[in-house]
Every structure is written in C-alpha cells, then in structure tokens.
Amino acid sequence: MSDDENPREELYQRFRESLRRPVSERFFDEDELVEVYDYAGDLNDDYVQMEVLFCGARLYPESQALSERRALLYLDTSIDDTDAPSPAAGEYINDNIDTFSPIFDIVRLETEQPSEPQEALEFLLTQYETFNDEEMIRFCDLALDLGLYNWLKENLTRLKDKTDNKDIVHFELMNAAEENGDNDMMARMAEELIESEPFNVGYWHKLFRAQARAEKTEEARNTFDYAAALSQDDADVLLSLASDVYAFAPFLYKEAYDMLEGVREKSPDVFTFLDCQCAILIRSGMGDKAVHLLMDYATAHPNDPMVLRQLLLCNIREAGEFIDRYFAASGNSSLPADIYSELINTLTLHGGSRSLVAILERNNPPTLDENDFAAYIEALFSQHLYKRVTDEMEAYQYKALLEAMPLKGYAAAYAYIVSLLKTDRYDDARAYFRKIRPACETMMAEGPMPIRLSVRTILTLGDKMQRHPASEKLYWEFFDMLDYSKK
C-alpha cells in the first residue's frame, strides 16, 4: 500500500503539516488524534506523540483515550538504561486515582507491582468484558513483566475470548515464547498467524527460527525454502534468514550461502551479504576461503572500514598492508574509534598478535596509553620479537604501568624479563626482577587472585634465575612458563 492509499499515513502527514501553522488552526477530532498518536508510536516518532498530547489537552481536556496515552507515555519513558518505568508514571496515576480503565489499571500494576501477581492478573482479566488491541498488548506485557509467561500460555483461550483481534494474542505470545526459549509455542503461534496471513514472510521467518532452534530439521528446511521464495526480492529479509541459518541451522549452510550469492550478484558493493557468507564459511571449516573472499573485497573496496575490521579479526599476515591501503584510500590516519576499541579488546583476548601489532604501530596517536601499550607488548612477545619487547619497555615508563594497571602491568613485566633472557641480557633480567620483587611480594599478600596469579609467575621465574646461572644457555634458550616460545 502506498502512502496515498494509507489513511493513517495521510492523517499523520496532515497532523505534521499542521505543526507548521498557528495552534489556533489545528483542527482534529478526538479519534483522529488517537489514531495519529498510535501511528506515530509505530514509527517511534516521539515528537509527534508529544504534540498530539499537547493538542489534545487543549481541544479535549476530558478525553479518556488521550489521558490513557499520556499514562502510557510516562510508563514508557525510562530515566536510565534500565527498563524501570519513570516515577512520572506512578505520580500521574496517583493524581488520577479515581480513573479506571484497562490501561490505567495496567499502568497502576506496572508502577506498583502487586504482592500476588497472578491474582492481580486474574482480577484484571475478569474486570473488563473486552480489550482493544493496545489494551491486550499492554496486558500481555504486564504478565511478562510480572514473570507470568506460563500463566499467559495456560490462559491463551481466555485471552482470545477477550478481543476481536485474536492475532494480537498470537503475536504477543509468539514473541514471548521466543524470549523464553519455548520453541514449540513459538512455532504454534507462528502457524496461527500464517493461517491468517499466509504470505507474511515475517511469520514464516519466525516459524523457521522456532523449528531450527528446536532442531526439527525437515520442517525447518521446508519452511526455509518457502520463506526464501517468498522473500526473493527483499535482500534484507534474505540476509536475516541467512543469519538465522548461521545461528541455528548448520544443516542449511550451503543453501544459505548460495542464496546470498544470488543477492550479491545484484548488490556487489554491499558488504553485509559477503560478511554473512564468510561467517558461514568459517563455521563450515572453510576459513581460508573466507579470508580470500574478504581480501578480494577489501582490495576492491579499500576505504571500507567494516571489511578491514573483519580482515584484522582474522589475524592475517598482510594486516599492515591492508591498514595502509585503508588510510591511503580513506584519507584517515586512524581507524574509527569504535572499531579500534573493539579490535584491540577482541584481538588481545583471542591472541590476534599480527593484527594487534599492525594496528598499534600504524594507528594515530603514536603514543599509546597504558592499556594499548600492554596489549602491544603481549602481541610482540607472542610473536617472539624479544628485542622489540625490550626496546619498547625501556622506552616506556613501565614502572607507571605496574602502578596504573597491575594485572596487565605484571604480564608486561613477565614478558620483559623473559625477553631479556632471550636476548642474552641475563644480568639485566635479574636486576629488573630485584627492582620489582618488593612490589610483587606486597601484591601476593594483598592483591586479588588474578593479579596474584601473574605475580606468582614472576616470582617463580625469579627463583629459577637465582638457581640457574647465566652460563646455562640451553636452559634459558627454551625457558618460558607460558609456552610462548615453544609453539
């Protein structure tokens, strides 16, 4: 349906246009304002929703429907990153304590959760003869917020008897089942919705996800084929379908890969499709092919930071070359901040030393902070670049590193001592150990366990140095408690 054929869109646009004119020229009846408010909610247009309420307060100050939507707006307005409702919702309910309706009662229970949640739901369900769509959606949300998913399942028939739109119940319960890992109920509700709308690909997609998660291989395969055929002209839906295959259906890896190949032929410059293909290849044990595809794409699109990110996560030998190409093509001298931060953390945790060194040596600013410097030392050490470890540590204020970041600092200290030994600087290794030994012993007595583990490794290494003279070259050549030099 085009915008011109959608009466809600036309009404919404007419209201938006009225906001550019004097307030006295805004004429909408109560039902129209309610319709605009609800439609704006579907579009996540907070501005229009607020303006509807302002307009309604002037034109229809006694409107129950608009008053309910004000209560819902307060309920949905979070004051922090949690899902807890704003205190404004409770205050609004208290200021309208004599107002009763399904919506007001639901907001009341959301803001002051009852001591007997199931009894409260039962009372609310029997209190009102019918529920409209918004009321039923909010009722289901309330049940889930009260931890009564099983109660919702058990009362499915009763809920459907309370509304003319039974698919609202099916839809809400399908999503609730997905969140609760109830694949059988999710599939059952998706099938009910498909019966009402047989060509709605979203419902077929949900059915496939439920069947795949439940490991119902044949059913999932048939549903996948139908959903893919239904979505053949919608690349975004096909990508989402392939992503579900990646997550839940390894038996369909080849089909999903081939499906995305067709999408890529139409959109060769959209990286997300290739990205999903490469993820499937890696899961299928064909990581080398994935890397070659990424390298080919990066060569053709050198200024794309996302393909560079994926290549660097693969810890390729040519990491530095592709970083240089990116900087030359994009005109940047550093990676995007969010990508840089993620890469450093991920590569450090997963041992991507080649990419780490390439990033930290090329990315501006040239002076590394303590966190990045510790990652740099670990990456150099894991590549057996001992001379560079000693040079970098001696050019850096590593004493401050120990004090600012004890866990990573002591790890760097261990790498430094072993690197001194590997480069025939036995006396320097012993001297540095003597220098930090008092701090190590203090940390062993007072520090948390992860730091104590690092410190214990250094103290054990120091003990070995005391008992083995520098002349035992063969011993020091191969000694490394963490096996970095034995791989």
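Values in this document were obtained by computation on a predicted structure and should not be read as measured data.

### Some thoughts on the overall build of the protein chain
For step 1, the next point in the chain: Per the secondary structure count, the protein chain includes 29 helices and zero strands.
For step 2, the next point in the chain: Over its C-alpha atoms the protein chain spans a radius of gyration of 31 Å, topping by over 25% the 23 Å that the globule rule assigns to 487 residues.
For step 3, the next point in the chain: Its C-alpha atoms give the protein chain principal-axis dimensions of about 95 × 55 × 50 Å.
For step 4, the next point in the chain: Looking at the protein chain as a whole, 47% of its 487 residues are labelled buried.
For step 5, the next point in the chain: Within the protein chain, counting contacts between residues at least 6 apart in sequence, those at least 24 apart form 55% of the total.
For step 6, the next point in the chain: Surface exposure of the protein chain reaches about 25,300 Å², of which carbon and sulfur atoms provide 49%.
For step 7, the next point in the chain: Both charge centroids of the protein chain, one from 49 positive and one from 92 negative side chains, sit 11 Å from each other.

### A few points about the confidence of the model for the protein chain
For step 1, the next point in the chain: Within the protein chain, residue pLDDT values average 90, and 95% of them lie at 70 or more.
For step 2, the next point in the chain: In the model of the protein chain, helix 29 (residues 473-478) stands out as the element of lowest mean pLDDT, 61, in contrast to helix 12 (residues 183-196), which has the highest, 98.

### Observations regarding unusual backbone geometry
For step 1, the next point in the chain: Of note in the backbone geometry, asparagine 315 takes a positive phi value of approximately 60 degrees without being a glycine.
For step 2, the next point in the chain: Note that asparagine 315 resides in the loop between helix 19 (305-313) and helix 20 (319-330).
For step 3, the next point in the chain: Accessibility expressed as a relative area gives 14% for asparagine 315, which makes it buried.
For step 4, the next point in the chain: Unusually for a residue other than glycine, histidine 384 sits at a positive phi of about 65 degrees.
For step 5, the next point in the chain: Looking at histidine 384, the relative accessible area reads 33%, which means it is partly exposed.

### What about the pattern of salt bridges?
For step 1, the next point in the chain: Overall, the coordinates contain 30 salt bridges when judged by the stated rule.
For step 2, the next point in the chain: The salt bridge partner of aspartate 184 is lysine 216, with a shortest N-O separation of 3.4 Å. With aspartate 184 in helix 12 and lysine 216 in the loop between helix 13 (201-213) and helix 14 (217-230), this pair connects stretches of sequence that are 32 residues apart.
For step 3, the next point in the chain: Judged by its relative accessible area of 36%, lysine 216 falls in the partly exposed class.
For step 4, the next point in the chain: We note a salt bridge from arginine 209 to aspartate 244, for which the minimum N-O separation is 2.6 Å. Taken together, the residues arginine 209 in helix 13 and aspartate 244 in helix 15 (residues 235-248) connect sequence positions 35 residues apart.

### What about the nonpolar core?
For step 1, the next point in the chain: Counting residues in hydrophobic clusters, the biggest one holds 72 residues, and the most contacted among them are Leu335, Ile359, Ile417 and Ile458.
For step 2, the next point in the chain: In terms of residues, this core owes the most to one element, helix 26 (residues 406-422), which gives ten residues.
For step 3, the next point in the chain: Ranked by size, the runner-up nonpolar core spans 58 residues in total, among them Leu121, Leu125, Cys140 and Ala249.

### Looking at the packing of aromatic side chains
For step 1, the next point in the chain: The full count for this structure, using the stated rule, is 16 aromatic pairs.
For step 2, the next point in the chain: Centre to centre, the rings of tyrosine 12 and tyrosine 39 are 5.5 Å apart; their planes meet at 75 degrees, and the pair counts as edge-to-face. Placement of tyrosine 12 in helix 1 (residues 7-18) and of tyrosine 39 in helix 2 (residues 30-42) is noted, with a sequence separation of 27 residues between them.
For step 3, the next point in the chain: A ring pair is formed by tyrosine 326 and phenylalanine 327, whose centres lie 5.8 Å apart and whose planes are at 55 degrees; its orientation type is tilted. Across the pair, phenylalanine 327 and tyrosine 326 agree in class, each one buried.
For step 4, the next point in the chain: An aromatic cluster of three or more residues is present, and its members are Tyr128, Phe131, Phe139 and Trp151.
For step 5, the next point in the chain: The positively charged end of arginine 283 is found above the aromatic ring belonging to tyrosine 246, 4.1 Å away from the centroid.

About the criteria used
- Residues numbered from 1 in each chain as written.
- Predicted model: local features only at pLDDT ≥ 70, side-chain atom pairs only at ≥ 80, totals over all residues.
- Heavy atoms only, no water.
- Helix = DSSP H or I, 4+ residues; strand = E, 2+ residues; numbered from the N terminus.
- Rg over C-alpha atoms; globule rule 2.2 N^0.38 Å.
- Buried < 20%, exposed > 50% of the residue type's maximum accessible area, 1.4 Å probe, protein only.
- Contact = heavy atoms within 4.5 Å.
- Areas by Shrake-Rupley, 256 points an atom, 1.4 Å probe, with all protein chains shown as cover.
- Lys, Arg positive; Asp, Glu negative; His and termini not counted.
- Charge placed at Lys NZ, Arg CZ, Asp CG, Glu CD.
- pLDDT = per-residue confidence, 0-100.
- Salt bridge = Lys/Arg side-chain N within 4 Å of Asp/Glu carboxyl O.
- Core = buried A, V, L, I, M, F, W, Y, C linked by side-chain atoms within 4.5 Å.
- Phe/Tyr/Trp six-rings, centres within 6.5 Å; stacked < 30°, edge-to-face > 60°.
- Lys NZ or Arg CZ within 6 Å of the ring centre and 35° of its normal.

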